[in-house]
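# Commentary on secondary and tertiary structure
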Amino acid sequence: MKVLRVATVGNPNVGKSSLINAIAGSNLQVGNWPGTTVDRLSISFELAGVHVDWVDLPGTYSLAGAASEESITRRELLESPPDVIVNVVDAGNLERNLGLTLELSELGLPMVVVLNLVDEARAHGIEVDPRKLSDCMGVEVVATVASTGEGCDQVKQSLTRATPARLLVEYPDNLRAALAELGESSPWRGLTMLSEEVPGLPASERARQLRAQLELAQDPFLSIAEARLKMARHLTSDVESRVDQGVSRSEKIDRLLLHPWLGLPCFLLGMLGVFRFTYLFSAPWIEFLDVLKGVLGGWVASLNFPPLLQSFLVSGVIGGAGTVAAFSPVLFLLYLAMAFLEASGLLARTTFLFDQVMKWVGLPGRSLIPLLLGFGCNVPAVYSTRILPNLGDRLRVSLAIPFTACSARLTVFVLFTAVFFPKNAPYVVLGLYLLGLLLGLGTAILTRRYVPQDSDRTGIMELPPYRFPSWKATVRQAWLRTRSFLKDAAGPILGAVLLVWFLHQVPSGKPENSLYAGVSRALTVPLGPLGIHDWRLAGALMPGFIAKEVVVGTLGVSFLGEDVIQPCGLVDGAQQIAVGLGMALKNTLLAVPQMLGAPELPGDESPSGLSAAIARACDSAGALAYMVFLLLYTPCVATVAALRSEFGNRWALFSVFWQMGVAWLAGWLTFLAMNHA
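These notes cover the structure that comes with them. Keep in mind that this is a model prediction, so the values were computed, not measured. (Residues numbered from 1 in each chain as written. Predicted model: local features only at pLDDT ≥ 70, side-chain atom pairs only at ≥ 80, totals over all residues. Heavy atoms only, no water.)

## Let's talk about the pairing of strand 4 (residues 50-56)
Strand 4 sits mainly inside the fold: 5 of its 7 residues count as buried. By the bridge criterion, 7 bridges tie strand 1 (residues 2-10) to strand 4 in an arrangement that is parallel. What sits directly across from V3, in strand 4, is H51. (Buried < 20%, exposed > 50% of the residue type's maximum accessible area, 1.4 Å probe, protein only. Helix = DSSP H or I, 4+ residues; strand = E, 2+ residues; numbered from the N terminus. Pairing = 2+ DSSP bridges.)

So, in structure tokens, the structure goes:
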């Protein structure tokens, strides 16, 4: 069967992903481009006896340049040329989009132009004649509204009829003569070599000589840019008609959201809404997963397995799988909210609001979003750094995120502040939050000179029009990203849980005499200067590496003993699952009015004897140092897995050791300050 390779190319915010989502059906696949963190969407389907492999290239304004999006697109088109290019353009911003279209036409590859967002263009009084544009360029032009699927079938049918576009740009005579002498395989390659040095496209010595000659008259880069801009304007004037409709809806909203005084409060309220939406609506399903984990453990207990095997299955396998699954509701809803904000045009406004605020850290304004999300959960916060266009910025923000106090740490803070600082608990917790944020920003500043940077840090920044995203595409994108995380992180998390279980069981099966207790007692040596001398406090930090929310549970087991697993019958378990599912649905509905309420610190639901036991294990200075250390020490294994997935082993390991060092130093200074206060 014949295979047709297709690549989608276009500017950012033109609806490329919406188009491929609308065409994909259930065949959409998501991954990363090799060596990058840029999403790679692809689909495969059959079309009139032809097997179509379709890939969505990153949004870019040009094929030349050093940014990761430009490099990926250029490499794919030059090294593995597709059979057909589907060039998606925004009907409401035709002149700007046609600059890239004219570049693509110079590659000499068959092309289809998709005139997308025609509904929004009409709403702004803009009409584009696709037939006239097709006649001008010599390629098929299809008008679409990808968010609703309008015109998508015509796009699929046009693939087998695609032809190369006409070469329309009229370059100066000296440039055309140099291009003919160079004799490259495509006009674009020759023109690029004559105008600039592009990574991955080395210019020949003759090209450099010709460039030097051209520069005596005028910079060839400017000559090429001016010629393409002139032709883009000419085409636009021929095929486009406009009716002045006054101030647009987007401009009216921007007057509020980009206001120098009102914009910041509006943004913070919006992010508070995202935060509360994610965690209010995920909490019922996390509780349901906990019920499901308990029922599965009860079913295993009812099978009368040997105690060691039963413990392995319940605490190791089921406990590990439950830890992985517990992240999925948070991640899915967070990705859902972020996808909605990005597609609606709201996310792009953050750059203009926070560029000056974040400038002293050397980061763009959008960096604040992942940092704020880190207060909920560090894992999706690391993945959300993909909204930053620069690899160096993504890495620096990701190294700062684990210092922010995620919600899982809050359970430990509440327990310890209630025991040691009952009158000042809110102020202590607030201080811990601010300490983590400041040290995270400090890490971003210190690592600025040591992380890789894209050479093009400025680029073009635009404000797309406000639009209501397609729920179908938004949900699909959120699910694909959640599935990608679960696939990458499941192994490391499960392995860490099984390791901790093994340490608890060897050699006697009793925690106080186990290898776990021995390692915990050894940990009191480096933690002694922080006022932590009890092995049970030190040992709880180890499973905290798996997930910070298990620290309180580990302290309960270490101080009060392990809970007995109650056997559960098949019918009883099914009833518990049904009740748990009903409660999850009920609490999800109740979360709707809770969205309007103020956030509250969770109550202490730990065993009543645990507080007294911890109070005997250390003093207030040691307790505060313990909280500081737990705030700052190595991120959970899921966060490490996210860092490894995004940036590789080296930076993931650096994050672990850097945070351990900072945590120890900060905890020690805290202990000294408390003792001298």
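Here the narrative resumes.
## Here's the deal with the packing of aromatic side chains
In the structure shown here, the tally under the stated rule is 10 aromatic pairs. For the ring pair F277 and F281, a centre distance of 5.3 Å and an interplane angle of 45° mean the geometry is tilted. Highlighted residues: F277 and F281, both in helix 12 (residues 263-301), separated by 4 residues, approximately one helical turn. Here F277 falls in the partly exposed class, since its relative accessible area comes to 23%. When the ring of W651 is compared with that of F654, the centres are 5.5 Å apart and the planes differ by 80°; the resulting orientation is edge-to-face. Placement of the pair is W651 and F654 together in helix 29 (residues 649-676), with a separation of 3 residues, close to one helical turn. Taken together, the aromatic side chains of F416, F420 and Y626 make up a single cluster linked through ring pairs. (Phe/Tyr/Trp six-rings, centres within 6.5 Å; stacked < 30°, edge-to-face > 60°.)

## Things to note about the nonpolar core
If you look at the biggest cluster of nonpolar residues, it comprises 53 residues, and the most contacted ones within it are L77, I85, L104, L107, L115 and L194. For this core, the leading source of residues is helix 10 (residues 220-239), giving 6 residues. Setting aside its immediate chain neighbours within four residues, L194 contacts L175, A178, L179, L182, A207, L210, R211, L214 and P220. (Core = buried A, V, L, I, M, F, W, Y, C linked by side-chain atoms within 4.5 Å. Contact = heavy atoms within 4.5 Å.)

## A word on the pairing of strand 6 (residues 110-116)
Burial of strand 6 is extensive: 6 of the 7 residues sit out of reach of the surface. Two strands pair when backbone bridges link them, and strand 5 (residues 84-90) and strand 6 are joined in this way by 6 bridges, in the parallel orientation. In the strand pairing of strand 6, V88 is matched with V114. Read as a crossover between parallel neighbours, the route from strand 5 over helix 3 (residues 94-105) to strand 6 is right-handed. Pairing between strand 6 and strand 9 (residues 163-164): 2 bridges, direction antiparallel. Bridging across to strand 9, P110 finds its partner in P164. (Right-handed = clockwise from strand over helix to strand, strands pointing away.)

## Details of the side chain of N11
Assignment of secondary structure puts N11 in the loop between strand 1 and helix 1 (16-24). By relative accessible area, which is 2% here, N11 ends up buried. Of the polar contacts made by the side chain of N11, one reaches the backbone oxygen of T60; its length is 3.0 Å. Beyond its immediate sequence surroundings of up to four residues, N11 is in contact with K16, G59, T60, Y61, V88, R96, N97 and L100. (Polar contact = N/O pair within 3.5 Å; in protein donor to acceptor, adjacent residues only side chain to side chain.)

## Quick word on the side chain of T670
Along the chain, the position of T670 falls in helix 29. In this structure T670 comes out as buried when scored by relative accessible area, which is 15%. Reaching out from T670, the side chain makes a polar contact with the backbone oxygen of A666 at a distance of 2.7 Å. Leave out the neighbours within four places in its chain, and T670 touches L624, A625 and V628.

## A short note on a nonpolar patch on the surface
Taken together, the side chains of W664, L665, W668, L669 and L672 define a hydrophobic patch exposed on the protein surface, amounting to about 410 Å² of accessible area. Secondary-structure assignment places W664 in helix 29. The class for W664 is partly exposed, based on a relative accessible area of 30%. (Patch = residues over 30% accessible without salt bridge, like charges linked within 9 Å, V, L, I, M, F, W, Y side chains within 5 Å. Areas by Shrake-Rupley, 256 points an atom, 1.4 Å probe, with all protein chains shown as cover. Salt bridge = Lys/Arg side-chain N within 4 Å of Asp/Glu carboxyl O.)

## What to know about unusual backbone geometry
Here the phi dihedral of L117 falls at roughly 60°; this positive angle occurs in a residue that is not glycine. As for its position among the elements, L117 is in the loop between strand 6 and helix 4 (118-123). For N304, which is not a glycine, the phi torsion comes out positive at approximately 60°. Secondary-structure assignment places N304 in the loop between helix 12 and helix 13 (307-344).

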